[in-house]
Amino acid sequence: MDEFSRLSLHVPEPAVRPGGQPDFSNVKIPKAGSVPRPEVDVAPEEIRDLAFSIIRVLNRDGEAVGPWAGLLSDAELLSGLRHMMMLRAFDARMLMAQRQGKTSFYMQHLGEEAVSCAFRRALRKGDMNFPTYRQAGLLIADDYPMVEMMNQIFSNESDPCHGRQLPVMYTSKEHGFFTISGNLATQYVQAVGWAMASAIKNDTRIAAGWIGDGSTAESDFHSALVFASTYRAPVILNIVNNQWAISTFQGIARGGSGTFAARGLGFGIPALRVDGNDYLAVYAVARWAAERARRNLGPTLIEYVTYRVGAHSTSDDPSAYRPKTESEAWPLGDPVLRLKKHLIVRGAWSEERHAQAEAEIMDEVIQAQKQAESHGTLHAGGKPSVRDIFEGVYAEMPPHIRRQRQKAGY
Amino acid sequence: MARMTMIEAVRSAMDVSMARDENVVVFGEDVGYFGGVFRCTQGLQAKYGKTRCFDAPISESGIVGTAIGMAAYGLKPCVEIQFADYMYPAYDQITQEAARIRYRSNGDFTCPIVLRMPTGGGIFGGQTHSQSPEALFTHVCGLKVIVPSNPYDAKGLLISAIEDPDPVMFLEPKRLYNGPFDGHHERPVTAWSKHELGDVPEGHYTIPIGKAEIRRKGSAVTVVAYGTMVHVALAAAEETGIDAEVIDLRSLLPLDLDTIVQSVTKTGRCVVVHEATLTSGFGAELVSLVQEHCFYHLEAPVVRVTGWDTPYPHAQEWDYFPGPARVGRALTEVMEA
């Protein structure tokens, strides 16, 4: 008999499936304020443990504690709360608009609002994000007009993309938001290239790449880390770990490594893990990484630990693959409620003012929606021209496309 | 004027472009200190510094992906893919990103990049150093595709490509790097120094993208070719004595359809030649266009001469390569049809 038995394949499974009791006991949550804040010029090998911990600022009582606290004023926190509430209201209206047939598709941020809203605050005008489809907070928190976002979602006559691109695939160079592609991970290495260009030109601007937990399995993720590491690009490499890649739990992409942040260690890139539902912690870590980049100290990898409360998109039904009550069991809570509580504890906010703000914000979103709908929705009212199909493939239209446009009757 | 090989011409194009525009950067595998495995970038790092010409990790998707990011920033990257056969890991970045950034963002972002890549066989490179993947690029809207056949064109077209506002795939037939190879592999190599198209201006000039060139005037049959096959077609015309008109496309996308149509309308016969495999090759597009635009002028079926529908073999290279004998037989065939 051979000393080796027959081989078997390991296929990871999430802790619980539909019908089961939600269980996040495997997510180890350190106490708020317990993770140290290193200097930005720290050697990556000295902070390896930060890739396995979770940086948190807000504790259960709504207090901001520890070395990552104390960076934001009341006014800044109030505007941060407003951004997250705005994004949530925007999502709610656009989800409903999709159900009403006003657009074909929508992707919401529910539960992940803090990540993009707080991150935007750590950037400056001129910096460039290479986002995925779940970072619209970068636009909202930079005061990009909601009407423009809705025009894009409705593919109407005022759509900045002229009807060519799927809903939520926004673009705004002016607001530091690279055109969203729709296929995954490609933008991550592009962010590194943008940052390399800024360094080549001895500029002061930095870049940020965005990716989800699932897409870290793509080769472009690894290419991005190689290039960022080799050329010490001034880039912040963000991984939003919301636990689910459509129906696939994060363990399928993560494999045997303890965390996604730990991927950075082999590349000599400082890697931090942060509570993605904690506005203050997200901002503090993003600011640390931005400072490193601006001081020409190179890239930082950040894993935001969060939870996708809603469906992946309007084409998805999560009840088919995870317990319906799983989001309620998520141990890091709700980012809006946590910041609200903190502001009340600080004496800068109240339940009454919150309820009033909620109503005002929803009204603002509804007004924007009315304005956008006056320019049309996917199947009604003003539409982009059929000519727009043929424009913009090249700077100058080549003869063969001109012939095809004529054939189409335009 | 100077005598240049195609390697020197390509290098001169990058040199001239880097000197004129500080936003032009050059990188790729072995491209920096060493100057590239074919030496196309030799001396550029020494002249322009290592932040404008540098070595990249062996990661084609990384090379093209970072180039796209640099272009979004405002640089004009001209990157080298060491062999066209190595471009596949970057295909996602090329087709779904570079080609579509202008379109999907309605011009908010653009992608002025050039991907240079040695293409074609004839150097005993086997299946991973001999491929001609141009049809995988011409099928992608948003790209421009260039295949030069000589040093003069290579320089003028490469400068045009670098100055172009859109992504350009620049396929350099590696068997033409050192001389106008006509497929007679058993004969001594002819040098570009003995060819008029090896005369290359040292300074800046451009050749418009999308314009073909007639290399041989003729009245009996039109041969549509590009890259190495231009020289093979010229040899076949001489050796068969058939008065072929040989069109060098130079640019596959956009295509100079007018030149093709004018010629075939005149000759009434057409042979399409490329080194790439037959099925769904660029020749299929050319034949289809000739059929659409010249049907009532055709005296004979249009014939394709191409590589076989197999991987590029090693030992049997010269039975795979569509040489002058095969092209000559095709010319005879369409004349007798």
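As the structure is a prediction and not an experimental result, all values here were calculated from the model. (Residues numbered from 1 in each chain as written. Chains lettered and ligands numbered in written order. Predicted model: local features only at pLDDT ≥ 70, side-chain atom pairs only at ≥ 80, totals over all residues. Heavy atoms only, no water.)

Colleague: When you look at the pairing of strand E2 (residues 207-212) of chain A in this model, what are you seeing that I'm missing?
Modeller: Looking along a regular strand, one sees the side chains alternate between the two faces of the sheet. Residue and element names in this part refer to chain A. Of all 6 residues in E2, 5 are buried, a share of seventy percent or more. In terms of strand pairing, strand E1 (residues 128-130) meets E2 through 3 bridges, oriented parallel. The partner of Met128 across the bridge, within E2, is Ala207. Here E2 runs beside strand E3 (residues 235-241); their pairing, made up of 6 bridges, is parallel. From the neighbouring strand, Ile211 faces E3, where its bridge partner is Ile239. Remark: the E2/helix H6 (residues 219-231)/E3 crossover connection has right-handed handedness. (Buried < 20%, exposed > 50% of the residue type's maximum accessible area, 1.4 Å probe, protein only. Helix = DSSP H or I, 4+ residues; strand = E, 2+ residues; numbered from the N terminus. Pairing = 2+ DSSP bridges. Right-handed = clockwise from strand over helix to strand, strands pointing away.)

Colleague: Explain the pattern of salt bridges here, please?
Modeller: Side-chain pairing between opposite charges can occur once the charged atoms of the two side chains come close. By the definition in use, this model includes 35 salt bridges over all chains. Where A:Asp275 meets A:Arg338, a salt bridge forms, and the shortest distance between an N and an O atom there is 2.9 Å. With A:Asp275 in strand E6 (residues 271-275) and A:Arg338 in helix H10 (residues 335-345), the pair connects residues that are 63 residues apart, well separated along the chain. Here A:Asp275 matches A:Arg338 in class, with each residue buried. Sharing partners across several salt bridges, the network here consists of B:Asp153, B:Glu213, B:Arg215, B:Asp248 and B:Arg250. (Salt bridge = Lys/Arg side-chain N within 4 Å of Asp/Glu carboxyl O.)

Colleague: For this particular structure, what's the right way to read a nonpolar patch on the surface?
Modeller: All names here are of chain A. Judged by side-chain polarity, Leu9, Val11 and Ile252 come together as a nonpolar surface patch covering roughly 330 Å² of accessible area. Within the element layout of this structure, Val11 appears in the segment before helix H1 (74-99). The class of Val11 is exposed, set by a relative accessible area of 53%. (Patch = residues over 30% accessible without salt bridge, like charges linked within 9 Å, V, L, I, M, F, W, Y side chains within 5 Å. Areas by Shrake-Rupley, 256 points an atom, 1.4 Å probe, with all protein chains shown as cover.)

Colleague: Teacher, can you tell me more about the packing of helix H1 (residues 6-20) of chain B against helix H7 (residues 151-163) of chain B here?
Modeller: A pair of packed helices can be characterised by two numbers: the angle between their axes and the separation between those axes. Residues and elements named next belong to chain B. One can describe the packing of H1 onto H7 by two numbers: an axis separation of 8 Å at closest approach and a directional angle of 30°. Between H1 and H7, the interaxial angle falls into the category roughly parallel. Seen from above, H1 lies across H7 with right-handed handedness. Taken together, the residues of H7 that come into contact with H1 (itself represented by Met6, Ala9, Val10, Ser12, Ala13, Met14, Val16, Ser17 and Arg20) are Pro151, Ala154, Lys155, Leu158, Ile159, Ile162 and Glu163. (Axes fitted to C-alpha atoms, helices over the stretch in contact; angles between N-to-C directions. Parallel < 35°, antiparallel > 145°, perpendicular 65-115°, else oblique. Left-handed = near helix turned anticlockwise from the far one by under 90°. Contact = heavy atoms within 4.5 Å.)

Colleague: When you look at helix H2 (residues 113-121) of chain A in this model, what are you seeing that I'm missing?
Modeller: Here H2(A) lies mainly inside the structure; 8 of its 9 residues are buried. All of the buried residues in H2(A) are A:Glu113, A:Ala114, A:Val115, A:Ser116, A:Cys117, A:Ala118, A:Phe119 and A:Arg120.

Colleague: Please clarify how empty space enclosed by the protein should be interpreted in this entry.
Modeller: A water-sized probe, rolled over the atoms, reveals where empty space remains. Residue and element names in this part refer to chain B. Applying the stated criterion across every chain, the model contains 5 cavities of 30 Å³ or more. Roughly 110 Å³ of internal volume is contained in the largest cavity. Lining of the largest cavity is provided by 14 residues; of these, Thr119, Ser132, Val147, Tyr226 and Glu275 occupy positions nearest its centre. Elements with a contribution of two residues or more to the lining of the largest cavity: strand E7 (168-173), helix H8 (228-240) and strand E13 (270-277). At 3 residues, E13 tops the list of elements feeding residues into the lining of the largest cavity. Each pocket or cavity is described by its volume, and for the second largest cavity that value is around 60 Å³. The residue makeup of the lining of the second largest cavity, split by class, is 4 nonpolar, 7 polar and 2 charged. (1 Å grid on protein atoms, 1.4 Å probe; cavity = no way out; pocket = protein on both sides within 12 Å on 5 of 7 lines; lining within 4 Å. Points joined across faces, edges and corners; volume = space filled by probe spheres on them. Nonpolar A, V, L, I, M, F, W, Y, C, P; charged D, E, K, R; others polar.)

Colleague: I'm lost on the packing of H8(B) against helix H12 (residues 324-336) of chain B in this one. Help?
Modeller: Residue and element names in this part refer to chain B. Close contact between H8 and H12 brings their axes to 8 Å; oriented N to C, the two are set at 60°. Taken together, H8 and H12 sit at an angle that is classed as oblique. Helix-helix and strand crossings are classified by hand; for H8 and H12 the assignment is right-handed. Facing H8, whose interface residues are Val232, Ala233, Ala235, Ala236, Ala237, Glu239 and Thr240, H12 presents Pro324, Val327, Gly328, Leu331 and Thr332. Here the residues of the contact of H8 with H12 sort into 8 nonpolar, 3 polar and 1 charged.

Colleague: Help me understand the interface of chain A and chain B, please; the structure alone is not making it clear to me.
Modeller: A common way to express how large an interface is: the accessible area buried when the components associate. At the junction of the two partners, chain A supplies 45 residues and chain B supplies 42 residues. For the pairing of chain A and chain B, the buried interface totals around 3,600 Å² over both sides, and the portion due to carbon and sulfur atoms is 60%. For the pair chain A and chain B, the interface holds 0 salt bridges. The interface formed by chain A and chain B contains 27 residue pairs in polar contact (both at pLDDT 80 or more). When contributions to the side of chain A that touches chain B are tallied by element, the ones reaching two or more residues are helix H5 (186-200), H6, helix H12 (387-390) and helix H13 (399-407) of chain A. Residues belonging to the side of chain A that touches chain B are distributed by class as follows: 20 nonpolar, 16 polar and 9 charged. (Buried area = accessible area lost by both parts, 1.4 Å probe. Polar contact = N/O pair within 3.5 Å; in protein donor to acceptor, adjacent residues only side chain to side chain.)

Colleague: What should I look at first to understand the packing of aromatic side chains in this one?
Modeller: The description of two aromatic rings rests on the distance between their centres and on the angle between their planes. Residue and element names in this part refer to chain B. For the structure shown, the criterion picks out 27 aromatic pairs over all chains. On the basis of an interplanar angle of 65° and a centroid distance of 5.3 Å, the ring pair of Trp318 and Phe321 is categorised as edge-to-face. Judged on exposure class, the residue Trp318 and its partner Phe321 are both buried. Over the aromatic face of Phe34 sits the side chain of Arg39, whose NZ or CZ is 4.1 Å from the ring centroid. (Phe/Tyr/Trp six-rings, centres within 6.5 Å; stacked < 30°, edge-to-face > 60°. Lys NZ or Arg CZ within 6 Å of the ring centre and 35° of its normal.)

Colleague: Explain the layout of surface pockets to me, please; I cannot follow it from the model alone.
Modeller: Put simply, the largest pocket is a space of about 880 Å³. In terms of lining residues, the largest pocket is bounded by 33 residues, among which A:His400, A:Gln404, B:Thr138, B:Leu253 and B:Glu285 are the most central. Its residues assigned to classes, the lining of the largest pocket shows 20 nonpolar, 8 polar and 5 charged. Reported here for the second largest pocket is a volume of approximately 550 Å³. If you go around the second largest pocket, you meet 23 residues; those closest to its centre are A:Met196, A:Ala199, A:Ile200, A:Tyr231 and B:Thr51. Contributing elements (two or more residues each) for the lining of the second largest pocket: H5, H6 and helix H8 (279-294) of chain A together with strand E3 (53-55) of chain B.

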